[in-house]
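# Coordinate analysis (summary)
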Amino acid sequence: MEIKSTNFSFLREHDPQLVNLAARAELYFHSDSNTCIIKLRQFAERLAQHIADQRGHYQAEDEAQVDLLRRLEAEGIISSKVSKLFHNIRKGGNNAAHTGKDDSRQALTLLENAHELGIWFHREFGNDRNFRPEPFVRPVAHTDAENERLKRDAERSRREAEEKEIALKIAEAQARQAEAEKQRLEKILRDSDAEPSRRDAEEKDIALKIAEAQARQAEAEKQQLEKIASEKEKQRIAENITNQIDTPPQTADIPNQPRIHPKNIDLDEDRTGQISDRSGKVKPSAKEEKALTPSPSPKEGEGSKRKKSKREGWHHGVIGIVASRLVERYGAPVFIGSYEDADDHDAAEPSIRFSVRGIPEFHVFQAIEYEPIKTIRFKGGGHKAAGGFTMPAANLEKLRQGLREFADRENILPSHISPLINIDVRIDLSDVSMTLLQECDRLQPCGLGNPDPVFYSENVRVLSQQTRGRDKVKHLSLELDTGNGKIKAIAWRWGEYCPVPDYVDIAYKLRANQWQDTTSVELEIIGIREPINTHIETPNNSSKTLHLKYQPAPIITKSPQWQKLSEAPRPLPRPLLLYGCDRPADKFQGDVDCDRPIRNKKYEAVVLWTLPPSFTHLQWLIATAKPDYIYLGSHIPSVPSIDQFRNQVQSLDLENIDILNLLDLAQQWWISPSAIVSALRELGYICDFPPTLSLDGELLRMQKWYEIAISKLATLFTQD
């Protein structure tokens, strides 16, 4: 049966799922207000879809809630007041999904907004304009046992949504990579001036067909995932299961194996109500059949059979991709699975479909065939490096125990659990040339059983680095010093590691980089680490020592509340401290100080027109001003180019400076102290200061600091 709702029961005649969503929001109010807000967001989305359907303004599959609301308001279907209520819930839900911060006051406000929306909807679309609802009642608290169950349920829902988003991103990245490879091969064929030999033409044709097939497969997986992630009408068992809110978690993995910890994402994970007969098969109720079943397409008659609804989980074609990526990242054997319907194997409970990837020391097929594991699973198979199987979900703990026994029997050691790259030869980077690339091409075709040769070079100097890529997947682009010139390198999907140290050990493959009529050698980085041999030559004038005045920030005794300046209340509280690059002092009147806090003065708030040039500066401000609130502006200081900043540092009369006040100079130039020290070290000065990146790395890090999210800043300064 449906969950009872204190304030929303009158919506049952329109859609029982509206009542279920609102009731869950009420249930979560005391135990997890963050999830309460997320459920209200889902309630508002479903309500907006009903409005669009009632008025014949059907929603496209990929239309966002904000776009739908704007369209409904523009066409006069909802008033600006109603639209504002919808947007309040939408914004609150998005913030809750991304920050995960509990706010019971906001949850109560949004519950009241949702109640007001429900009353408006019932009067407008229920032919009862004289409807007089009961006054809104604040939800009552639950017992400790109920609260604990609700918390587990909320965490499970968030984890499911995050895992699906990760799988979708992986499929999209593979589709783009396959398409890029296809286009590259097509360009090679188009730009070829001479008539290629028959063998070369055949090899290129085969490679092109392989790339096309990979692109089609990746695109199909992407579309399938998008379909799963965008379903708005998922089914939930409600009639025969009393007081249970959601189904078990949809992804299973084995303890002590690497796991993904993705960021919070904005994804609808709810299911609609269902009833279940004793056979275990799921079918919609008559009321839901009318409300939720889409109209048949021209090819479907009224007698068309409804497909059985699969329980939510990762698509089985994706979990193998995720397992491979985890092995590459962590160097550990990975077992990862997704739940399937209970009746797929004539069982009375759900089953888990596993995809397995191994390491050289861990034989996957032998693990699957190990007797304690073989006896608890259904069908399965594989080889040394990969495999898969299905088993009842109830046997998950037995699988864990069996894998521990197998690992002990095979003497799997902690030293085996690390990313592994097999090096073919160690060379100096100066040995890389077009001749060497041509020699490597004679080993083609490369693939499984005949991999590309992997080279290793030590103590390589990084001249410059940046991230590339227009989408969320970023790549690391490097320019390296060969000793007699420069060479470019690319590390796919490694943008998150930027910046890397000035000197690194690298493992790489050789690639031909074609640009217009020129072909050059480029490195494809597959491994990188800090140099083992740390002997690095320093400039001849490195004996110069520069004394710096630099003190760490005082201890922060009070955690302020953070808010965007554009959303801050007006007037701003006083006394007020105004700080930031190019801050407009004339716009703030009254008890306002600028730049430096007066010691022992109590400030109600600090306005950061821009962030300070470093984290240390920000610590000084908070520790000295001790504000109740910090309002952060949206302005970002400009970061100079490397050459501009070098010239700025060289303009200092360093020979006649006894002690350089680093914090004062950093605030004067609005450049981080670490960037100044990095430039001084490039000029050959010895500075008593923690290790720094290369100058371009420090400038890039400073740019990222200025763009840091306010939610991250608030977390950094929150005291336990």
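In case you missed it, the structure is sitting above this.
Overview of the structure.

What counts as what
- Residues numbered from 1 in each chain as written.
- Predicted model: local features only at pLDDT ≥ 70, side-chain atom pairs only at ≥ 80, totals over all residues.
- Heavy atoms only, no water.
- Helix = DSSP H or I, 4+ residues; strand = E, 2+ residues; numbered from the N terminus.
- Expected span 1.5 Å × (residues − 1).
- Buried < 20%, exposed > 50% of the residue type's maximum accessible area, 1.4 Å probe, protein only.
- Arc of directions from axis to C-beta.
- Contact = heavy atoms within 4.5 Å.
- Pairing = 2+ DSSP bridges.
- Axes fitted to C-alpha atoms, helices over the stretch in contact; angles between N-to-C directions.
- Parallel < 35°, antiparallel > 145°, perpendicular 65-115°, else oblique.
- Left-handed = near helix turned anticlockwise from the far one by under 90°.
- Nonpolar A, V, L, I, M, F, W, Y, C, P; charged D, E, K, R; others polar.

Attention shifts here to helix α12 (residues 396–409). With 14 residues, α12 should cover 20 Å at 1.5 Å per step; its first-to-last C-alpha distance of 20 Å lies within 8% of that length. Buried within α12 are the following residues: L396, L399, R400, G402, L403 and F406. An end-on view of α12 places all buried positions within 165 degrees of arc, on one side of the element. Exposed residues lying more than 90 degrees from the buried face of α12 are K398 and D408. N411 lies just past α12 and shows a positive phi near 60 degrees.

A separate point is the environment of G126. Mapped onto the elements of the fold, G126 is located in the loop between α5 (104–125) and α6 (144–191). With relative accessibility at 18%, the residue G126 sits in the buried group. Sequence-wise, G126 and E13 are 113 residues apart; in three dimensions their C-alpha atoms are separated by 8.5 Å. Contact partners of G126, with chain neighbours within four places excluded, come to H14 and F121.

Moving on to the sheet that holds strand β19 (residues 605–608). Spatial strand order, β16-β20-β19-β17-β18: 5 strands in an open sheet with parallel pairing. At either margin of the open sheet sits one strand with a lone partner, and together these are β16 (561–564) and β18 (592–594). With direction set aside, neighbouring strand axes in the sheet form an average angle of 20 degrees. Bridge count for β16 against strand β20 (residues 629–632) is 4 bridges, and the pairing is parallel. Within the sheet, the bridge partner assigned to Q563 lies in β20 and is Y631. This element, helix α14 (residues 615–625), spans β16, β17 (576–579), β19 and β20 of the sheet and lies at about 165 degrees to β17.

So, on to the packing of helix α2 (residues 33–54) against helix α4 (residues 80–99). Close contact between α2 and α4 brings their axes to 8 Å; oriented N to C, the two are set at 140 degrees. Comparing their axes, α4 and α2 come out oblique. Along this stretch, α2 crosses α4, giving a crossing that reads as left-handed. Here N34, I37, I38, L40, R41, A44, L47, A48 and I51 of α2 lie close against α4, whose contacting residues are F86, I89, G92, G93, N94, A96 and A97. Considering only residue class, the contact of α2 with α4 consists of 11 nonpolar, 4 polar and 1 charged.

One open sheet holds the 3 strands; their spatial order is β21-β15-β22, and the pairing between them is parallel. The open sheet has two edge strands with one neighbour each: β21 (659–661) and β22 (685–687). This sheet shows a mean twist of 40 degrees between the axes of neighbouring strands, independent of strand direction. Pairing between strand β15 (residues 544–549) and β21: 3 bridges, direction parallel. In the sheet register, K549 faces β21, and the bridge partner there is N661. Sitting on the sheet, helix α16 (residues 662–669) touches β15 and β21, and the angle it makes with β21 is about 45 degrees.

Over its 12 residues, helix α18 (residues 695–706) runs 17 Å from end to end, which matches the ideal 16 Å to within 8%, given 1.5 Å per residue. Within α18 the residues assigned to the buried category are L695, D696, G697, E698, L699, M702, W705 and Y706. Packing partners of the buried residues in α18 comprise β10 (455–468), α14, α15 (642–650), α17 (673–682) and α19 (710–716).

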